[in-house]
Amino acid sequence: MNEAETFAWDDRYLLGHAAMDETHREFVERVDALLTADDAALPEALAAFARHAEAHFAQENAWMEAHGFPARECHIDEHNKVLASVYAVQQQLVDGDVGLCRELASALMAWFPGHADYLDSALAGWLVKRAHGGAPLVLRRAHAKA
């Protein structure tokens, strides 16, 4: 089992769009499962992540198309690149390359905060403004200071 890295949900990932926030929680859970799976469990953990990412990205892509989100081409392109990487790693994992799968999990953990902060937060703001006429309201728990 790989105990070097874990990925836990943090309220700083909240964007104020309930459906997106729930999907992002699942994204974090799926990446954490990849990071912490033992070698034998990696193929199923990666398959579960792929299923999640396909549904997650398809939902966001549909929102962007349906609501005329201006930056949709860049956002959709980023989703497609992540999925292409996942599919390529799935092929390598069949050949036993667990190291590449672990690298993908680490890369996803590093990628997500920036993607959420920039592209997804802009999408959440766009959707909330179109639905409610204002900016998203985000309530985050305070972190204990060390």
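In short, a report on the structure. (Residues numbered from 1 in each chain as written. Predicted model: local features only at pLDDT ≥ 70, side-chain atom pairs only at ≥ 80, totals over all residues. Heavy atoms only, no water.)

## Re helix H3 (residues 72–94)
So, point 1. The first and last C-alpha atoms of H3 sit 33 Å apart over 23 residues, in line with the 33 Å expected at 1.5 Å per residue.
So, point 2. Its buried side turned inward, H3 meets helix H2 (42–66) and helix H4 (98–132).
So, point 3. Positive backbone phi, at 95°, marks glycine 96, one or two positions downstream of H3. (Helix = DSSP H or I, 4+ residues; strand = E, 2+ residues; numbered from the N terminus. Expected span 1.5 Å × (residues − 1). Contact = heavy atoms within 4.5 Å.)

## Section: the environment of histidine 115
So, point 1. Checked against the element boundaries, histidine 115 lands in helix H4.
So, point 2. By relative accessible area, histidine 115 is classed as buried at 3%.
So, point 3. Histidine 115 sits 36 residues away from histidine 79 along the chain, and the two C-alpha atoms are 9.8 Å apart.
So, point 4. Leave out the neighbours within four places in its chain, and histidine 115 touches Glu60, His75, Glu78, His79 and Asp120.
So, point 5. Within the structure, the side chain of histidine 115 is placed 3.3 Å from the side chain of histidine 75, a separation counted as a polar contact. (Buried < 20%, exposed > 50% of the residue type's maximum accessible area, 1.4 Å probe, protein only. Polar contact = N/O pair within 3.5 Å; in protein donor to acceptor, adjacent residues only side chain to side chain.)

## Quick look at the side chain of glutamate 60
So, point 1. Position of glutamate 60 relative to the elements: it lies in helix H2.
So, point 2. Buried within the structure, glutamate 60 lacks any salt-bridge partner; its nearest side chain of opposite charge belongs to arginine 72, at an N-O separation of 13 Å. (Lys, Arg positive; Asp, Glu negative; His and termini not counted. Salt bridge = Lys/Arg side-chain N within 4 Å of Asp/Glu carboxyl O.)

## Section: the packing of helix H1 (residues 18–36) against H4
So, point 1. Their axes nearest at 9 Å, the elements H1 and H4 cross at an angle of 175°. Put simply, H1 runs roughly antiparallel to H4.
So, point 2. Grouping the amino acids of the contact of H1 with H4 by side-chain chemistry returns 16 nonpolar, two polar and two charged. (Axes fitted to C-alpha atoms, helices over the stretch in contact; angles between N-to-C directions. Parallel < 35°, antiparallel > 145°, perpendicular 65-115°, else oblique. Nonpolar A, V, L, I, M, F, W, Y, C, P; charged D, E, K, R; others polar.)

## Remarks on the pattern of salt bridges
Where charged atoms from two side chains of opposite charge come close, those side chains can pair.
So, point 1. For the structure shown, the criterion picks out six salt bridges.
So, point 2. We note a salt bridge from glutamate 26 to arginine 30, for which the minimum N-O separation is 3.6 Å. Taken together, the residues glutamate 26 and arginine 30, both in helix H1 and four residues apart, mark about one turn of the helix.
So, point 3. Residue classification places arginine 30 among the partly exposed residues on the basis of a relative accessible area of 31%.

## Notes on the packing of aromatic side chains
So, point 1. Per the stated rule, a full pass over the model turns up nine aromatic pairs.
So, point 2. On the numbers, 5.2 Å between centres and 75° between planes, the contact of tyrosine 13 with phenylalanine 112 is edge-to-face. Of this pair, tyrosine 13 sits in the segment before H1 while phenylalanine 112 sits in helix H4, and the two are 99 residues apart along the sequence.
So, point 3. Phenylalanine 112 gets classed as buried once you look at its relative accessible area, which sits at 1%.
So, point 4. Every member of this aromatic cluster is reached through a ring pair, and the members are Phe7, Trp9, Tyr13, Phe27, Phe49, Phe57, Trp111 and Phe112. (Phe/Tyr/Trp six-rings, centres within 6.5 Å; stacked < 30°, edge-to-face > 60°.)

## Here's the deal with the nonpolar core
So, point 1. By size, the foremost hydrophobic cluster in this structure holds 28 residues, and its most contacted members are Phe7, Val31, Leu34, Leu46, Phe49, Leu108 and Phe112.
So, point 2. The set of elements that each furnish at least two residues to this core consists of H1, H2, H3 and H4.
So, point 3. For this core, the element with the most residues is H4, which contributes eight residues.
So, point 4. Not counting residues up to four positions away in its chain, the partners in contact with leucine 34 are Leu42, Ala45, Leu46, Phe49, Cys101, Arg102, Ala105 and Leu108.
So, point 5. Counting nine residues, the second largest nonpolar core, distinct from the first, contains Trp63, Leu123, Ala124 and Leu127. (Core = buried A, V, L, I, M, F, W, Y, C linked by side-chain atoms within 4.5 Å.)

Read these as spatial facts, not as claims about activity.
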